[in-house]
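Residue-level structure breakdown
Chain by chain, the residues run as shown.
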Amino acid sequence: MPGHAYITNADPNVLKGIAIHVAGGMGFGVQDAAPWSVKVTQSSMAASLFLGAFVCYCDFNVNIVSSPDGTQHLVLERNNPWWTGWIGMNRVKNRARELADAYGNELIRQGVQILQRNDF
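For clarity, every value in this text was computed on a predicted model and none was experimentally measured.

Here we come to the packing of aromatic side chains. For the structure on display, the rule yields 3 aromatic pairs. Ring plane angle 45° and centroid distance 5.8 Å describe the contact between F28 and F60, whose orientation is recorded as tilted. Here F60 lies in strand β4 (residues 58-66) and F28 lies in the loop between α1 (12-25) and β2 (29-34), a separation of 32 residues in the sequence. Pair check on accessibility: F28 and F60 agree, each one buried.

Below, the structure is given as structure tokens:
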């Protein structure tokens, strides 16, 4: 899945808290998927199937990953709703970028040192 990642030295609990609160504050539905994974959604697949590009169907996974080198990664993976066409896919891509940017801003606001940001 394409997405964005921040590499930090932050506590994983801080990263998960940021993942939940920032997404919720931006109007996404947020639910725990696993101990270090959060499901972030907006709109529904059914609406996107009927309305196509008029609906921005976001179905993102946010994972907190501990690396062997001691760093913590906040990884946002976005969906690719191909059935919405080029316009719908670009809307989802832009919404994921906005969420990733908001994560970065909140990391900085909380004093978390960002070692690197990767877009993949």
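This structure, assessed with the given rule, holds 0 disulfides. Looking at the unpaired C56, the closest cysteine sulfur is the one in C58, lying at 3.6 Å. A relative accessible area of 0% places C58 in the buried class.

On the basis of which strands lie adjacent, the open sheet formed by 6 strands has the order β2-β3-β4-β5-β1-β6 and antiparallel pairing. What marks the edges here is a single partner per strand, and that holds for β2 and β6 (114-119). Along the sheet, successive strands turn relative to each other by an average axial angle of 15°, direction set aside. Alignment of strand β1 (residues 3-8) against strand β5 (residues 72-77), held across 6 bridges, turns out to be antiparallel.

Cut-offs used in this document
Residues numbered from 1 in each chain as written. Predicted model: local features only at pLDDT ≥ 70, side-chain atom pairs only at ≥ 80, totals over all residues. Heavy atoms only, no water. Phe/Tyr/Trp six-rings, centres within 6.5 Å; stacked < 30°, edge-to-face > 60°. Helix = DSSP H or I, 4+ residues; strand = E, 2+ residues; numbered from the N terminus. Buried < 20%, exposed > 50% of the residue type's maximum accessible area, 1.4 Å probe, protein only. Disulfide = S-S within 2.5 Å. Pairing = 2+ DSSP bridges. Axes fitted to C-alpha atoms, helices over the stretch in contact; angles between N-to-C directions.

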